[in-house]
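Given next are the chains, with one letter for each unit.
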Amino acid sequence: MKTNSRPSVSDDARAAFELLHPEVRRWVHDQGWAGLRDIQIRSIHEVRGSATADVLISASTAAGKTEAAFLPALSAVAEDGGDGLGILYVAPLKALINDQFGRLETLCDRLGLPLVRWHGDAPDAPKQRIAAKPRRGVALITPESIEALLCRRPGVASALLGRARFVIVDEIHAFLAGPRGLHLASLLRRIEGLSSSPVRRIGLSATLGDLDAARAWLRPADPDRVRVVKSSQASGAELRLQVRGYVEPAKAEENEGEQDRSAIQDVADHLMATLRNRNALVFAGSRQRVEYLADLLRERCEGENVPNEFFAHHGNLSKHLREELEARLKEGRLPTTAVCTSTLELGIDIGTVEAVAQVGAPRSLASLRQRLGRSGRRPGKPAVLRLYVIEDELDGDPDPVDELRPEIVRAVAALRLLGQGFLEAPKSAGGLGSAMLHQVLSVICERGGARAESIHRTLCGPGPFAGVPVPLYADLLRGMGAPEAALIEQAPDGTLMLGRAGERLTAGRDFYAMFESPEEWRLVAAGKSLGTLPISEPLLVGNLLVFGGRRWAIKGVDDAAKVVTVEPHKGGRPPRFGGTNGEPVDDRLVAEMLAVYRDDDVPPWLDDGARELLAQGRAAFQCLGLDERSVVQRGEDVHLLTWRGSRANGLLAVILGAAGLRTWAHDFGVVVSRAEPTALVRGIGELQAQGPPDLESLAADTSALATAKYDGLLAPAVLRRFWAMAMQDVVDGLRRDLGRLALSSESS
């Protein structure tokens, strides 16, 4: 790591440097650094100045966060001696662990501290050595490997983890919500239970939208104990930004030939012209688009008789191919562009990336910030970001949603929020019941049996399961012990043990992970398969799906087989604009989209195509009168524009569907099909007057609630109650939204 400039030697810097172990000071000198960075100076004072405080380190990408945590922590561990691990470093990716191993290996060797990578692809010999003779050292580990240690080698886990001094959680924003966050939070609580004194926790991130939420996650029992170190130094890199707009011809498809020119081919032409002979990342979205775009770029290289510099990178590729591409980027000897999904978003060091491109408008500010931070990391080099936004060609009778050109508007809104420093705060985590079932089985597996009250004490104190009421916990256990489930069984003395199904489940390596790839559901009409798609929202029989450019009414849902039976719905052609099956869009981003529609400024970073699309979207917004109303009727469809995010619209669609309406949700509203306007107004008013909906009763009429890994193993009534808990934060704003929609409907 090199600093951008030589800082003045302040008293704080001298004092921080003196707090480091002598060998650490010599190592810093040998690196040729001009001095410690601001974030490192302040972190050293916080970590070394207290024997108990936890620390949350928030700074931009490449600001030196890793060293800010490790230099003082390693100094403390090197002075301490003793048995058990000194530092447990937890990261979400094996590749990130491998990268950090290379950065820390020399320093740990000089301190005489063993350093071991602990994940499924790491060599076994170093793990076996430290397991056989636990002593002060550093383990770089994934949550799944912690789980495996607790389940398979509880004695080793106790010896290693029970005496740890520090737990460092890297990329902490990746754990604040979702299954892996629930899992790791529970594991940290269980590690704490192995120790006679609290293990100090250090969190690292470049993209935190809510520091208080991160503090509460890091130390749920006492968030005030977490000291925040936020860098006061900007990255200093110049930002070069462009948004390019393209129109997809009505008949163009990505898998058709050159005779049907498509927008993605035009994007490939521009990428070839601007990224050739450079190191770059292109975030292309889906794996299918990654492969298609990488192939288009390879063809262009071959057509110009030059070496190929464009390579695909996604989770389905073999480990060998991924690591080969990462190494090529890091070495920087040959110009290389990785066309990737989100796999290269997190903090793996891949060298000097000169430019970042993204195909499609951002859906997450945290992801956009993380991706942008991959460029401009070297002194004097600008950060370069290009967004390629594709909208569909409008025909003579377009859908109002398509007329609004939502992709380009969301791109402008996201970049405006980026300039304001906004990042999404974590939302209520789905999959809470799935995670709790998993951890109950894990604790039983670790202990060879445990009583219900002991498991409850272990899991349900301050942490992810603190809000689970005792009756719901008891019902979860009853469902797990039911004969048809056979996950657990009770001994005569009351001890809970693994049942037949529980033994099979915990015996598999797949048990250690709480996440899995989004499951594809198969759509079937008249006995014929239409294809597959991921579904992230509950399905209600009678509601609508959009697939293959057509609307389909849901006739039945088979949760076990992941099959949705549908029939054609003759309600007019749906908008081509996608629905909510992708990454959810935050309420704040949608609110900024509304502000973009109402404004008349034209950002200078839009190209001609993007400016034209933005003008079209704003003209449609005015023509539809959306500055004054939120309801638009077009043919048999009534569009309810809530200007809320994906989660709120998904729940509203379920509520309206339960009231007998056929609906489907998109990013900023809900479409009601074949609705009589007067009856719809009356129905919305009645729903608003009834007060907050009873989510548990509502969930009884929905299917596809089982979206997390082990949801399908929960008793249906238990799953519905956990879903209702996760959606409670969305309900709070629904009455206001329904009231506004009712008034807007009447004025229409």
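All residue numbers here refer to positions counted from 1 along the written sequence of the relevant chain. Restriction of local features to residues with pLDDT of at least 70 applies here, the model being predicted, together with a cutoff of 80 or more for giving and counting side-chain atom pairs; totals for whole chains, interfaces and linings are based on all residues. Only hydrogens and water are removed before side-chain values are computed, so all heavy atoms of the structure are retained for them.

**Description of the packing of aromatic side chains**
Only Phe, Tyr and Trp rings take part, Trp by its six-membered ring, and two of them pair if their centres are within 6.5 Å. Stacked means planes under 30 degrees apart, edge-to-face means over 60, and tilted covers everything else. Under the criterion given, the structure shown has nine aromatic pairs. For the ring pair Trp-27 and Trp-33, a centre distance of 5.7 Å and an interplane angle of 80 degrees mean the geometry is edge-to-face. Both rings, one in Tyr-597 and one in Phe-621, keep their centres 5.1 Å apart while their planes meet at 5 degrees; by these two values the pair is stacked. Placement of the pair is Tyr-597 in helix α21 (residues 587-598) and Phe-621 in helix α22 (residues 608-623), with a sequence separation of 24 residues. With respect to class, Tyr-597 is no different from Phe-621; both count as buried. Ring pairs connect the aromatic residues Tyr-597, Phe-621, Trp-643 and Phe-668, which therefore count as one cluster. Its guanidinium or amino end placed over the ring of Phe-422, Arg-588 lies 6.0 Å from that ring's centre, counting from NZ or CZ. For helices the rule is a DSSP run of H or I covering at least 4 residues; for strands it is a run of E covering at least 2, with both sets numbered from the N terminus onward. Any residue under 20% of the maximum accessible area for its type is buried, any over 50% is exposed, and the rest in between are partly exposed; the area is computed with a 1.4 Å probe on protein chains only. The rule is short: NZ of Lys or CZ of Arg within 6 Å of the ring centre and within 35 degrees of the ring normal puts a charge over the ring.

**A look at the confidence of the model for the protein chain**
Of the residues in the protein chain, 91% reach a pLDDT of 70 or more, and the chain-wide mean stands at 87. A residue's pLDDT is the predictor's confidence in that residue, given on a scale from 0 to 100. The contact definition used throughout considers only heavy atoms, calling two residues in contact when any of these lie within 4.5 Å. Long-range and interchain partners of residues 1-8, a stretch whose pLDDT sits below 50, account for 19 contacts in this model, where long-range means more than four residues apart.

**Some words on the nonpolar core**
If you look at the biggest cluster of nonpolar residues, it comprises 68 residues, and the most contacted ones within it are Val-440, Ile-455, Leu-476, Met-480, Leu-640 and Leu-651. Per-element tally for this core: the top contributor is helix α17 (residues 432-447), with nine residues. Other than its neighbours up to four places away in sequence, Val-440 contacts Ile-455, Leu-459, Tyr-473, Leu-476, Leu-477 and Met-480. Counting residues in each nonpolar core, the second largest holds 51 residues, with Ala-411, Trp-605, Leu-606 and Ala-610 among its members. We call a set of buried Ala, Val, Leu, Ile, Met, Phe, Trp, Tyr and Cys residues a nonpolar core when their side-chain atoms join them within 4.5 Å.

**So, the sheet that holds strand β13 (residues 383-392)**
Pairing is parallel across the open sheet formed by six strands, whose spatial order is β8-β13-β12-β9-β11-β10. Strands with a single pairing partner mark the edges of an open sheet, and in this sheet they are β8 (239-248) and β10 (310-313). On average, each strand axis in the sheet is inclined to that of its neighbour by 20 degrees, with strand direction left out of account. Helix α11 (residues 263-275) rests against β8, β9 (280-283), β10, β11 (337-340), β12 (355-359) and β13 of the sheet, and its axis sits at about 165 degrees to β13. This element, helix α13 (residues 319-331), spans β9, β10 and β11 of the sheet and lies at about 130 degrees to β10. The pairing criterion for strands is at least two bridges between them, as found by DSSP. Axes, fitted as lines to C-alpha atoms, cover a helix only where it is in contact. Angles between the N-to-C directions of the axes lie from 0 to 180 degrees.

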